[in-house]
Amino acid sequence: MNIKPLHDRVLIKRIEDMQKTAGGIIIPDTAKEKPSEGVVEAVGQGRLTPEGKLAPMTVKVGDKVLFGKYAGTEVKLDGEPRLIIREEDILAIVE
């Protein structure tokens, strides 16, 4: 399914954390926190300024980003969870 976020929204696929600790202990799903790192899969056109002009997006498809733990809205696309968040909720681009 193709999806195009509107305005300044971004579609992100979360990057799952490791299943084991460095010492080899397996972490159960119930003890895991939601990952706050992901890859941008789609971006909107940008934000409208008060003057009515379009401010371009800073992030682009393929960028690896960090975002707040509780940011955005979870959706399921083709049975897989995705996150739609505003660009302002993205904390950093990982290079």
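Up top is the structure.
Before going into details, it helps to say that this report is about the structure given with it. Computed from a predicted structure; not experimentally measured.

The next subject is the environment of Q45. With respect to the helices, strands and loops of the structure, Q45 is situated in the loop between strand 2 (37-43) and strand 3 (47-48). Separated by 36 residues in sequence, Q45 and R9 have C-alpha atoms that sit 8.4 Å apart. When residues no more than four places from it in sequence are discounted, the contact partners of Q45 are H7, L54, A55, P56 and M57.

Taken together, the side chains of L66, L91 and V94 define a hydrophobic patch exposed on the protein surface, amounting to about 250 Å² of accessible area. Here V94 lies in strand 8 (residues 90-94).

Moving on, we come to unusual backbone geometry. Even without being a glycine, H7 presents a positive backbone phi close to 55 degrees. Position of H7 relative to the elements: it lies in the segment before strand 1 (9-14). Its identity is not glycine, yet D78 carries a phi of approximately 55 degrees, on the positive side. Along the chain, D78 turns up in the loop between strand 6 (73-77) and strand 7 (80-86). For D78, a relative accessible area of 59% puts it in the exposed group.

Next up on the list: the side chain of D8. Looking at where D8 falls in the secondary structure, it is placed in the segment before strand 1. Among the residues examined, D8 registers a relative accessible area of 6% and is labelled buried. Reaching out from D8, the side chain makes a polar contact with the side chain of R86 at a distance of 2.8 Å. In contact with D8, not counting residues within four places along its chain, are G46, R47, M57, I85, R86 and E87.

How each quantity is defined
Residues numbered from 1 in each chain as written. Predicted model: local features only at pLDDT ≥ 70, side-chain atom pairs only at ≥ 80, totals over all residues. Heavy atoms only, no water. Helix = DSSP H or I, 4+ residues; strand = E, 2+ residues; numbered from the N terminus. Contact = heavy atoms within 4.5 Å. Patch = residues over 30% accessible without salt bridge, like charges linked within 9 Å, V, L, I, M, F, W, Y side chains within 5 Å. Areas by Shrake-Rupley, 256 points an atom, 1.4 Å probe, with all protein chains shown as cover. Salt bridge = Lys/Arg side-chain N within 4 Å of Asp/Glu carboxyl O. Buried < 20%, exposed > 50% of the residue type's maximum accessible area, 1.4 Å probe, protein only. Polar contact = N/O pair within 3.5 Å; in protein donor to acceptor, adjacent residues only side chain to side chain.

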